[in-house]
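Observations on the three-dimensional arrangement
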Amino acid sequence: GTHMAALHLVLSPGWHTYWRIPGNAGIEPRFDWAASQNVASVVPIWPRPQIFDQNGYRTYGYEDTLILPLEITAADPGRPMALVGALAIGVCAETCVPADVQVSGVLRGSGGPDPRIRQALDDRAGSAPRAGLTRATCHLEPARRGAALTLRAALAAQGRVEDIIIELPGSGYRITESRTWREGGDLVAEAQLRAPRRAEVVGIDRAGLRFTVLSEAGMLAAQGCTGG
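Below, the structure is looked at part by part. (Residues numbered from 1 in each chain as written. Predicted model: local features only at pLDDT ≥ 70, side-chain atom pairs only at ≥ 80, totals over all residues. Heavy atoms only, no water.)

Attention shifts here to the overall build of the protein chain. Scanning the protein chain from terminus to terminus reveals one helix and 18 strands. Relative to its length of 228 residues, the protein chain is compact, with a C-alpha radius of gyration of 19 Å against a globular reference of 17 Å. Counting only C-alpha atoms, the protein chain reaches 50 × 40 × 40 Å along its principal axes. A buried classification covers 38% of the 228 residues belonging to the protein chain. In the protein chain, once contacts between residues fewer than 6 apart in sequence are set aside, the share between residues at least 24 apart is 68%. Accessible area of the protein chain: about 12600 Å², with a carbon and sulfur share of 48%. In the protein chain, the 23 positive side-chain charges and the 23 negative ones have mean positions that sit 4 Å from each other. (Helix = DSSP H or I, 4+ residues; strand = E, 2+ residues; numbered from the N terminus. Rg over C-alpha atoms; globule rule 2.2 N^0.38 Å. Buried < 20%, exposed > 50% of the residue type's maximum accessible area, 1.4 Å probe, protein only. Contact = heavy atoms within 4.5 Å. Areas by Shrake-Rupley, 256 points an atom, 1.4 Å probe, with all protein chains shown as cover. Lys, Arg positive; Asp, Glu negative; His and termini not counted. Charge placed at Lys NZ, Arg CZ, Asp CG, Glu CD.)

And the structure:
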């Protein structure tokens, strides 16, 4: 009941663009598909990004080229879909600049296999529990402008460089100053949560917390943590 297409972004040599979470610097990509016709939803499926150390900040993105699979659902499966997108992305070399890109295309029929899309899909996040994650705990400490969140994941080493990227979807919190380190069999991340509109009470839904373990070898995703 869905179609798979992809955005193919080609950048000048030495330039890169950002993953859905840019990291401690960079520009978050935003997509607007509202002008499309006969399209009920468009869901990007992000392949594993590279890790960049840029001017003392760690960011996540794609150098030179990106193939971003899109899972597209039609409002009426019996009719063609006209996909029209307005993209706001950041591109960086020595400096970062915003870029507005317009894309469009018509999807008819059942399509056919594309090895480039298949390769990008094979590089998406795998399941952290299936890869050996046995425990994830969260500890929250009040701070001056929100809270300090410490996440501890019991997971074997995934690579030479490991990062945990934390998300709190729908919470309104902004996550900043994130850092990751290893303590034996535990991968530990600490981040600052900036409360929206100077909220006086700070709290999180531990079951809704999402985190991604990113390394040069792969990408794993998990949801939920317990108190700890």
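Disulfide: a covalent bond connecting the sulfur atoms of a pair of cysteines. By the definition in use, this model includes two disulfides. Between the sulfur atoms of Cys92 and its disulfide mate Cys96 the distance is 1.8 Å. One disulfide, between Cys92 and Cys96, carries an S-S torsion of 120° and so falls in the right-handed class. For Cys96, a relative accessible area of 35% translates into the label partly exposed. Across the disulfide from Cys138 sits Cys225; the S-S distance is 2.0 Å. (Disulfide = S-S within 2.5 Å.)

Let us look at the side chain of Glu162. With respect to the helices, strands and loops of the structure, Glu162 is situated in strand β13 (residues 162–167). Side-chain polar atoms of Glu162 contact the backbone nitrogen of Gln158, separated by 2.7 Å. A polar atom in the side chain of Glu162 sits 2.9 Å from the side chain of Arg182. Among all residues touching Glu162, those that are not within four sequence positions of it are Arg58, Ala156, Ala157, Thr180, Arg182, Leu187, Leu214 and Ser215. (Polar contact = N/O pair within 3.5 Å; in protein donor to acceptor, adjacent residues only side chain to side chain.)

Structural measurements only, silent on function.
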